[in-house]
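Fold and geometry: a report
Single-letter residue listing:
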Amino acid sequence: MIERVLVVGFGSIGQRHLRLVRELLPNADIRILCRTAVEPVPCLANGCFSSIDEAIGFAPHIAVLANPAPFHAPVGESLARMGCHLLVEKPLADCSAEALKLTQACSSAGSILQVGYNLRFLPSLRHFKTVLDERRMGNVWSVRCEVGQYLPSWRLGTDYRQGVSAQRALGGGVLLELSHEIDYLHWLFGDVDWVGAVLGKQSDLEIDVEDTAHLTLGFAPRDGMRTIASLSMDFIRHDTIRLCSVIGTHGTLRWNGVANLVEFFDSREQSWQVLFSESPELDLSYRAQWRAFLDCVTHAKKASPEGSDGLAVLDIIEAARQSDAAMGQRVQIKRSGT
């Protein structure tokens, strides 16, 4: 039985995780670990800690790491060594070296490590993957992916300049903060062999990180076909967008992550067909993610996405930074831990 739960970090995502885990484990003893004292103790929690030593003394069965990415590995390693299973918010860390330490600590301790790329649990994206896997659109020729939202509008009522997304020291910038796209492209199309990238700060936002990234990803060949994807990510557009279009032999398959919609343009019919449509519900994918994590812990199953998936994303991000420094030249992916 899962009796003791630790929530590390208590920003907006930590508060969401507290609410969901209380819903799913109503009788658990749930504590918060936060460097700044949380007073009064939130009604859904049983108490708060301000040091990792106190948290380890609590001996949690599971923990969710919702603190800034640069602090995931140090806290996660300490918890993993005592056998605690981890759900780690994306990205897994702020660099491959730290992520590798965390994955190795979990592997050595036999602790389950699931990475919080919750879009994988969104029914619309899962349907999109099913259509691709069934090859209903024939061979994949090209992939075009785009995500963007104006950073000051992300969390209304807060100062964007104080948030994680805006600060390099806290793991901000579009590559890390919007790395969902890199993860799901890796999930859909397999390993990335090389990347070309141009990064920049285009806006007058008061941030010290990149607000725009343009990536070209070359995937390992499948069935003799080599898929190329273009990915644009930004903090600057006022019309929120999350789209992935796959161009294939028989037409174009499109996922709209904002509208929760999957459509197919049939080359024979010369028209768009709706394959999946569902009213967006903000907690849906997070709740499904939690259920999958709890199922893995309860039945000793392998997590998905697991630590190696989070590590693969960071390898791609580091290659993208190297490519940008080399004026956009292609950089081969160096896979950590292999």
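Here, residues in each chain are numbered from 1, in the same order as that chain's written sequence. The model is predicted, so local features are restricted to residues of pLDDT at least 70 and side-chain atom pairs to those at 80 or more, both for listing and for counting; the totals for chains, interfaces and linings are taken over all residues. Values shown for side chains rest on all heavy atoms present in the structure; no hydrogens or waters enter the calculation.

Before going further, it helps to spend a moment on the overall build of the chain. Summing up its helical and strand segments, the chain has 9 helices and 15 strands in all. Burial here depends on accessible area, computed with a 1.4 Å probe over protein chains only, as a share of the maximum for the residue type. Under 20% is buried, over 50% is exposed, and the range in between is partly exposed. For the chain, with 338 residues in total, the buried portion stands at 53%. For the chain, the share of sequence-separated contacts (at least 6 apart) that also reach a separation of at least 24 residues comes to 67%. By element, 50% of the accessible surface of the chain is carried by carbon and sulfur atoms, the whole surface being about 15,100 Å². Only four residue types enter the charge count, namely Lys and Arg as positive and Asp and Glu as negative; His and the chain termini do not. All charge positions are set by atom: Lys at NZ, Arg at CZ, Asp at CG, Glu at CD. Each charge class in the chain can be summarised by its mean position, and for the 33 positive and 39 negative side chains these summaries are 3 Å apart. Working definition: helices are DSSP H or I runs of at least four residues, strands are E runs of at least two. Numbering for both runs from the N terminus. Here, residues are in contact when the closest pair of their heavy atoms is within 4.5 Å. The protein chains shown are the only cover counted for residues, whose accessible areas, like all others here, come from Shrake-Rupley with a 1.4 Å probe.

With 6 bridges connecting them, strand 11 (residues 241–248) and strand 12 (residues 251–256) associate as antiparallel partners. Bridged to Leu-243 within strand 12 is Asn-256. What makes two strands pair is DSSP finding at least two bridges between them. Connecting the antiparallel pair strand 11 and strand 12 is a turn made up of 2 residues. Sheet topology places strand 12 next to strand 13 (residues 261–266); 6 bridges connect them, and they run antiparallel. Its bridge partner being in strand 13, Arg-254 is matched across the sheet by Glu-263. A loop of 4 residues connects strand 12 with strand 13, the two strands running antiparallel in sequence, and Asn-260 in this loop sits at a positive phi of about 60°.

Another point: the sheet that holds strand 6 (residues 113–116). Across the sheet, 6 strands lie side by side as 3-2-1-4-5-6; this open sheet has parallel pairing. Whereas interior strands pair on both sides, the edge strands pair on one side only; in this sheet they are strand 3 (47–49) and strand 6. Looking at each pair of strands side by side, their axes are set apart by 20° on average, direction ignored. Axis geometry follows a simple rule: fit a line to the C-alpha atoms, using only the stretch in contact for helices, then measure angles between N-to-C directions, giving values from 0 to 180 degrees.

Of all hydrophobic cores here, the largest spans 78 residues; its most connected members are Leu-86, Phe-128, Tyr-184, Leu-185, Leu-215 and Val-246. Among the elements that line this core, the one with the most residues is helix 9 (residues 307–325), at 7 residues. Excluding its chain neighbours within four sequence positions, the residues that come into contact with Phe-128 are Leu-188, Cys-244, Val-246, Leu-253, Arg-254, Trp-255 and Val-262. Within the second largest apolar cluster, 25 residues are counted, among which are Ile-32, Cys-34, Val-64 and Tyr-286. For our purposes a nonpolar core is just a set of buried Ala, Val, Leu, Ile, Met, Phe, Trp, Tyr and Cys residues, chained together by side-chain atoms within 4.5 Å.

This part covers the packing of helix 4 (residues 96–109) against helix 9. Taken N-terminus to C-terminus, the directions of helix 4 and helix 9 make an angle of 170°; their axes are 9 Å apart at the nearest point. Considered as vectors, helix 4 and helix 9 are oriented roughly antiparallel to each other. Of helix 9, the residues touching helix 4 (which contributes Ser-96, Ala-99, Leu-100 and Thr-103) are Gly-307, Leu-311, Leu-314, Asp-315 and Glu-318. Put simply, Ala, Val, Leu, Ile, Met, Phe, Trp, Tyr, Cys and Pro go in the nonpolar bin, Asp, Glu, Lys and Arg in the charged bin, and everything else, Gly too, in the polar bin. Considering only residue class, the contact of helix 4 with helix 9 consists of 4 nonpolar, 3 polar and 2 charged. Put simply, angles under 35 degrees are roughly parallel, angles over 145 are roughly antiparallel, angles from 65 to 115 are roughly perpendicular, and the rest are oblique.

Across a sheet, strands are paired by hydrogen bonds formed along the backbone, either parallel or antiparallel in direction. Judged by pairing direction, the sheet is mixed, and its 9 strands sit side by side in the order 14-13-12-11-7-10-9-8-15 without closing on themselves. Looking at strand neighbours, the two that pair on one side only are strand 14 (271–277) and strand 15 (331–332), the edges of this open sheet. Contacting strand 7 (140–148), strand 9 (212–219), strand 10 (228–234), strand 11 and strand 12, helix 7 (residues 180–189) crosses the sheet at an angle of about 160° to strand 7. The strands touched by helix 9 within the sheet are strand 8 (192–200), strand 9 and strand 15, with strand 8 carrying the most contacts at an inclination of about 55°.

Any Lys or Arg side-chain nitrogen found within 4 Å of a carboxyl oxygen on Asp or Glu counts as a salt bridge. Inspection of the entire model under this criterion finds 25 salt bridges. The shortest N-O distance in the salt bridge between Glu-77 and Arg-81 comes to 3.4 Å. You can see Glu-77 and its partner Arg-81 sitting in helix 3 (residues 72–81), 4 residues apart, about one turn around the helix. Judged by its relative accessible area of 13%, Glu-77 falls in the buried class. Arg-81 sits in the exposed class, given a relative accessible area of 58%. Salt-bridge contacts for Glu-98 lead to Lys-101; the nearest nitrogen and oxygen are separated by 3.0 Å. Of this pair, Glu-98 and Lys-101 both sit in helix 4, 3 residues apart, which is roughly one turn of the helix. Each of the salt bridges in this network shares a partner with another, and the network as a whole consists of Arg-16, Arg-19 and Asp-283.

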